[in-house]
Amino acid sequence: MGMSSPEALLICEHCDTVYRRRTLARGDVARCARCEAELERYHALSVNAMLALILTAMIVFVQANMWPIVTLGLSGQQSSTTLWGMILAMWREQAQVVSVLVAATLFFFPLLKMLLLGWLLWFARAGRRAPGFVRLMVILHYLGPWTMSEVFVLGALVAIVKAHTYFDVTPDPGIYAYAALTLLITVFAGVDLRQLWDDVPEETA
Amino acid sequence: MSALPRASELGLIACTVCGLVCRNVPGDPRLDGDGVGDDMACPRCGTTLRRRKPNSYVRTWALLIAAFILYIPANVLPIMRTASLNDVDDNTIISGVVELWRAGSPNLAVIVFTASIVVPVLKFLALGTLLVSSQRGSGWARVQRAKLYRLVELIGYWSMLDVFVVALLTALVRFSVLSLVEPLPGVIFFGLTVVLTMLASMSFDPRLIWDGKDTDD
Ligand SMILES: [Zn+2]
Ligand SMILES: [Zn+2]
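Rules used in this analysis
Residues numbered from 1 in each chain as written. Chains lettered and ligands numbered in written order. Predicted model: local features only at pLDDT ≥ 70, side-chain atom pairs only at ≥ 80, totals over all residues. Heavy atoms only, no water. Helix = DSSP H or I, 4+ residues; strand = E, 2+ residues; numbered from the N terminus. Rg over C-alpha atoms; globule rule 2.2 N^0.38 Å. Buried < 20%, exposed > 50% of the residue type's maximum accessible area, 1.4 Å probe, protein only. Contact = heavy atoms within 4.5 Å. Areas by Shrake-Rupley, 256 points an atom, 1.4 Å probe, with all protein chains shown as cover. Lys, Arg positive; Asp, Glu negative; His and termini not counted. Charge placed at Lys NZ, Arg CZ, Asp CG, Glu CD. Core = buried A, V, L, I, M, F, W, Y, C linked by side-chain atoms within 4.5 Å. Buried area = accessible area lost by both parts, 1.4 Å probe. Salt bridge = Lys/Arg side-chain N within 4 Å of Asp/Glu carboxyl O. Polar contact = N/O pair within 3.5 Å; in protein donor to acceptor, adjacent residues only side chain to side chain. Nonpolar A, V, L, I, M, F, W, Y, C, P; charged D, E, K, R; others polar. Phe/Tyr/Trp six-rings, centres within 6.5 Å; stacked < 30°, edge-to-face > 60°. Lys NZ or Arg CZ within 6 Å of the ring centre and 35° of its normal. Pairing = 2+ DSSP bridges. Axes fitted to C-alpha atoms, helices over the stretch in contact; angles between N-to-C directions.

## Describing the overall build of chain A
Counting secondary structure elements, chain A contains 7 helices and 7 strands. Across chain A, helices and strands are ordered from the amino to the carboxyl terminus as β-β-β-β-α-β-β-α-α-α-α-β-α-α. The C-alpha atoms of chain A give 21 Å as radius of gyration, which overshoots the globular expectation for 205 residues (17 Å, by more than 25%). Residues classed as buried in chain A amount to 49% of the 205 residues present. Pairs at least 24 apart in sequence give 57% of the contacts found in chain A among residues at least 6 apart. On chain A, roughly 9,900 Å² of surface is accessible, and the fraction owed to carbon and sulfur atoms is 62%. Averaging the positions of the 15 positive and the 16 negative side-chain charges in chain A gives two centres separated by 2 Å.

Quick look at the structure:
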């Protein structure tokens, strides 16, 4: 068993159909002729652009986590919370499972994803594989579906509308930081991170 | 060889993690994904190479059934308690949707209803259908079934919406005797349901849809 010129062939992961790879032009999306899944798309983002996006996302992420998300007012009293306020509140209220879920999907996994990407892209910029490249790329693959910041933005909106019936609601900077983060995630969503395997060849590791 | 050759016909195998195309010995029993003697690793990322995800049917069924069992208390039990001076109110997922509708946000109510009710039910029905039809090797509506699977993968995690709503309200509504929000066990069951359905859709191998008798090409 050995490599079968990996650049030349492409296998649809949804139906196992084998294709010869073709060079994609700007805006091109290669689709599987059997199952219509997306095989590959042209990526307009250079490594530098991706790194810039990730660094921006990191800054926004720190702000989204430091700043309060929203403030409620009732009879002159005020109450506000941050993401970690939510995580601790759920822990105290006997919902530790939910606390861990929130911490993982809204804090640790997104943070880990950004750190890994930042690390890998930083070295990829110089055409090199970062130390730990293989292991980190595998972790990144499994992390994929478990980051949920964009779901949280919608959840915060729902919570605000619900609270609005009984309280004075003031959105805080944290919610705007989250909205910005969602925007960045959306821009990044079209990027197939597997391209890094090809972008930075093994020899220079 | 058909116009659209499949990896198994060409003696090729794709790494599920990094996408590398590798050559393998045709009919090698070690690559059946039954977990026995799977010792061929991807030369690029080290992941064990398998033609199909291991024990896909059994795992997906088990996770789906477990998710369904937890989905019952998730809906029956209240997920959140709102307490004020003269009133204690326990909300279920569905009563939360109704309340949101009454609060004057039908759009948001529809979104929450979709995320909390429609998406999980769709996942149960879709994965159940995919499992049964693939296990029977059915050639029925393969393209549509493949699309259905990708839809389930794409929208699955949005179900976590209500969990985040409860967590945020719990942390926010802290006005001692005046007004309090507490999470109730329903939200734990619901969170676990979402995680299990995500794991279920991940363990289903969409390539199985195309593995039965060829009728359409
Ligand atoms: Zn395909
Ligand atoms: Zn691999």
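## Brief notes about the nonpolar core
Within soluble globular proteins, side chains that are nonpolar generally end up buried alongside one another. Grouped together as the largest cluster of nonpolar side chains are 127 residues, with contacts concentrated most on M86(A), V102(A), M148(A) and M160(B). What M160(B) contacts, discounting residues up to four positions off in sequence, is L101(A), M148(A), V151(A), G191(B), V194(B) and V195(B). Listed in part, the 7 residues of the second largest apolar core include L9(A), I11(A), A7(B) and A14(B).

## With respect to the interface of chain B and chain A
Counting residues at the interface gives 75 residues for chain B, matched by 70 residues for chain A. Summed over both partners, the interface of chain B with chain A comes to about 6,400 Å²; 72% of that surface belongs to carbon and sulfur atoms. Our count for the contact surface shared by chain B and chain A stands at 5 salt bridges. The partner of R207(B) in a salt bridge is D16(A), with the nearest N and O atoms 3.9 Å apart. Applying the counting rule to chain B against chain A returns 17 residue pairs in polar contact (both at pLDDT 80 or more). The element that contributes the greatest number of residues to the side of chain B that touches chain A is helix α5 (residues 161–172) of chain B, accounting for 11 residues. Of the residues in the side of chain B that touches chain A, the class split is 52 nonpolar, 11 polar and 12 charged.

## Side note on the environment of V194(B)
Note on placement: V194(B) falls in helix α6 (residues 185–203). Each residue touching V194(B), except ones within four places of it in the same chain, is listed here: K123(B), G156(B), S159(B) and M160(B).

## Examining the packing of aromatic side chains
Under the counting rule described, the total for this entry stands at 15 aromatic pairs over all chains. Ring geometry for Y71(B) versus F124(B): centroids 5.4 Å apart, planes at 55°, classification tilted. In this pair, Y71(B) sits in helix α1 (residues 56–76) while F124(B) sits in helix α3 (residues 106–135), placing the two residues 53 residues apart along the sequence. Summarising the burial analysis for this pair, Y71(B) and F124(B) share the class buried. Joined through ring pairs, the aromatic side chains of F61(A), W84(A), F107(A) and F108(A) make up one cluster. Note that R125(A) overlies the ring of W122(A), its terminal NZ or CZ placed 4.9 Å from the centroid.

## Description of the sheet that holds strand β6 (residues 77–81) of chain A
Residue and element names in this part refer to chain A. One open sheet accounts for 3 strands, arranged β6-β5-β7; its pairing is antiparallel. Every other strand in the sheet has two partners, leaving β6 and β7 (168–171) as the edge strands with one partner each. The sheet shows a mean angle of 20° between the axes of neighbouring strands, taken without regard to direction. For strand β5 (residues 70–74) and β6, the ladder comprises 5 bridges, and the chain directions are antiparallel. Paired with V70 across the two strands is T81, which belongs to β6.

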